[in-house]
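Here are the chains, one letter per residue:
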Amino acid sequence: MKFLRYFAIAALAVSAMAAVSCKKDKEDTETKEYLNGTLSIEVPAYLMKGDVVHVVPTGVYKEDEADTLLACSWYNPLTRVTDTLRLEDDPASKSKEFDFVVDVDTLGTYTLQAYVWADGYYVKSASASFTIVNPVLGTGSLKGYDFLSEASVFTDSRDGASYYYDTVGGKDWMIQNLGWNGAGESYSGADAMDPIFGRYYTWDEAAAACPSGWHLPSNADFKALVASASVPEDAAAGPMMVNATFNGARMWEFWPAVKITNATHFSAIPAGYMTVDGQTDNYKGLNNYAMFWTSDNSGELAVARYIYVDKPVLYEGEFGKGSIRASVRCVK
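Everything numeric here is computed off the predicted structure, so don't read it as measured data.

Rules used throughout
- Residues numbered from 1 in each chain as written.
- Predicted model: local features only at pLDDT ≥ 70, side-chain atom pairs only at ≥ 80, totals over all residues.
- Heavy atoms only, no water.
- Helix = DSSP H or I, 4+ residues; strand = E, 2+ residues; numbered from the N terminus.
- Buried < 20%, exposed > 50% of the residue type's maximum accessible area, 1.4 Å probe, protein only.
- Areas by Shrake-Rupley, 256 points an atom, 1.4 Å probe, with all protein chains shown as cover.
- Contact = heavy atoms within 4.5 Å.
- Polar contact = N/O pair within 3.5 Å; in protein donor to acceptor, adjacent residues only side chain to side chain.
- pLDDT = per-residue confidence, 0-100.
- Core = buried A, V, L, I, M, F, W, Y, C linked by side-chain atoms within 4.5 Å.
- Pairing = 2+ DSSP bridges.
- Axes fitted to C-alpha atoms, helices over the stretch in contact; angles between N-to-C directions.
- Salt bridge = Lys/Arg side-chain N within 4 Å of Asp/Glu carboxyl O.

Caption draft 1: Structural view of the overall build of the protein. Regarding its fold elements, the protein presents 5 helices and 21 strands. In the protein, buried positions account for 43% of the 332 residues. Total accessible area on the protein stands at roughly 16800 Å², and carbon and sulfur atoms take up 52% of it.

Caption draft 2: Fine view of the environment of Arg329. Looking at the element boundaries, Arg329 is found in the segment after β21 (324-325). When the C-alpha positions of Arg329 and Leu178 are compared, they lie 5.9 Å apart, and in sequence the two are 151 residues distant. Once residues within four sequence positions are removed from consideration, Arg329 is found in contact with Met174, Ile175, Gln176, Asn177, Cys210, His215, Leu216, Pro217, Phe266, Ser267, Ala268 and Phe292. Reaching out from Arg329, the side chain makes a polar contact with the backbone oxygen of Ser267 at a distance of 3.0 Å.

Caption draft 3: Local environment of the confidence of the model for the protein. Averaged over every residue, the pLDDT of the protein is 89; the share at 70 or more is 88%. Segment residues 1-24 is flagged for pLDDT under 50; beyond a separation of four residues in sequence, or across chains, it makes 0 contacts in the model.

Caption draft 4: Expanded view of the nonpolar core. Of all hydrophobic cores here, the largest spans 26 residues; its most connected members are Ile41, Val55, Trp74, Phe100, Leu112 and Phe130. Those residues in contact with Val55 that lie beyond four places of it in its chain are Ile41, Glu42, Val43, Trp74, Glu97, Phe98, Phe100 and Leu112.

Caption draft 5: Seen up close, the sheet that holds strand β19 (residues 301-308). If you walk across this open sheet you meet the 3 strands as β18-β19-β20, and the pairing is antiparallel. In the strand order of this sheet, the two ends are held by β18 (289-298) and β20 (314-320), each with one partner. If you compare each strand with its neighbour and ignore which way they point, the axes differ by 30 degrees on average. Both β19 and β20 contribute to a ladder of 7 bridges, which runs antiparallel. Along β20, the bridge assignment pairs Arg305 with Glu316. In the packing of helix α4 (residues 219-227) onto the sheet, the strands contacted are β18, β19 and β20, and the crossing angle to β18 comes to about 130 degrees.

Caption draft 6: Representation of the pairing of strand β13 (residues 171-174) within the structure. Two elements, strand β12 (residues 162-168) and β13, share 4 bridges in a ladder whose sense is antiparallel. Bridge pairing in β13 links Asp166 to Trp173. Taking the residues that link successive antiparallel strands as the turn, the β12-β13 hairpin has 2 residues, and the phi of Gly169 there is positive, at about 60 degrees.

Caption draft 7: View of the side chain of Arg305. Position of Arg305 relative to the elements: it lies in strand β19. At 2.6 Å, the side chain of Arg305 and the side chain of Asn219 are in polar contact. Every residue in contact with Arg305, bar those within four places of it in the chain, is listed here: Asn219, Phe222, Lys223, Glu233, Ala290, Met291, Phe292, Thr294, Leu314, Tyr315 and Glu316.

Caption draft 8: Broad picture of the pattern of salt bridges. For the structure shown, the criterion picks out 12 salt bridges. A salt bridge links Glu88 to Lys62, with the nearest nitrogen and oxygen atoms 3.1 Å apart. Taken together, the positions of Glu88 in the loop between β6 (81-86) and β7 (98-101) and Lys62 in the loop between β4 (58-61) and β5 (71-76) put the pair 26 residues apart, joining distant regions of the chain. Residue Arg305 pairs with Glu233 through a salt bridge whose shortest N-O separation is 2.5 Å. With a gap of 72 residues between them, Arg305 in strand β19 and Glu233 in the loop between α4 and α5 (237-240) connect regions that are remote in the sequence. The network of salt bridges with common partners includes Glu185, Glu205, Asp281 and Arg325.

Caption draft 9: Highlighting the side chain of Lys321. Along the chain, Lys321 falls in the loop between β20 and β21. For Lys321, the residues in contact, after removing those within four places along its chain, are Thr202, Trp203, Asp204, Trp293, Asn297, Gly299, Glu300, Leu301 and Ala302.

Caption draft 10: Expanded view of the pairing of β6. Here 5 bridges tie β5 to β6, and the two strands are oriented antiparallel to one another. Paired with Asn76 across the two strands is Val81, which belongs to β6. With antiparallel pairing between neighbouring strands as the criterion, β5 and β6 make up a hairpin whose turn holds 4 residues, including Arg80 at a positive phi of roughly 60 degrees.

Caption draft 11: Molecular detail of the environment of Ser129. With respect to the helices, strands and loops of the structure, Ser129 is situated in strand β9 (residues 124-133). Distance from Ser129 to Ala45, taken between C-alpha atoms, is 6.8 Å for residues 84 residues apart in sequence. When residues no more than four places from it in sequence are discounted, the contact partners of Ser129 are Pro44, Ala45, Thr109, Tyr110 and Thr111. A distance of 3.0 Å separates a polar atom in the side chain of Ser129 from a polar atom in the side chain of Thr111.

Below is the structure:
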């Protein structure tokens, strides 16, 4: 009976403590509020060493006080450090805005995080992922170019960008997609991708995009390039493809029907293309298509040459000059 008495007293004590704990939890829940809105931050999808991105958290506020200074901190995935940049209602403290500096060239995907809070409110967080790329052909993000020691280098005086080129069939061909930023669009809107995938141009942009001394190749130029490898156009894809990897991932998937030899040194990568729908550009075909404008055109249409991942054919097609954005190779 003594044991039962002790057990009953202990049970009552536990019950009382639980009641106090529940009351405290309830009070904490009742005294904290949620910040209004949804926290948002934006970072380019691809960055390279040396890039500086000014990041501003937006979208949250206390009650109806849209101008209230909220506390803000950032987690930098490159340094693995969380730093509080602003204290609540303290205009003398640092700004909530963050200059994010890419000071490493370690390839990979990382996530930047922002935290905003105020006294009596729950913390709100947001994140943005980005991928670090390296533009150096052969040793950076794009690997598989084992023949570069045989190629020559041209520097575009307009922006200082350098391109490898090789002489095939008596003409000099750039073996990289043009990345001149005076026209066209970047992959995923990220300038860091221009020297890697090149930019994507409408036909009118492509016709004027090559640097002085170079020009957009004609359809006949492509035919001569293929002829230099002594293969018909229905078997020309493999001799034009380079077996490249992007940040360690193979670009052209293996298919038995396609034997990648890059015999022409054209070095096509499946950078895809873009469709233009009004003011909206949509990316398509990454890792599946390589598409290049030619100078041949008639009316509203122009000729493009393209390759599909699982077919050995170098295709030829006519497309609206402003309906797609394709890659550009320059020749002289």
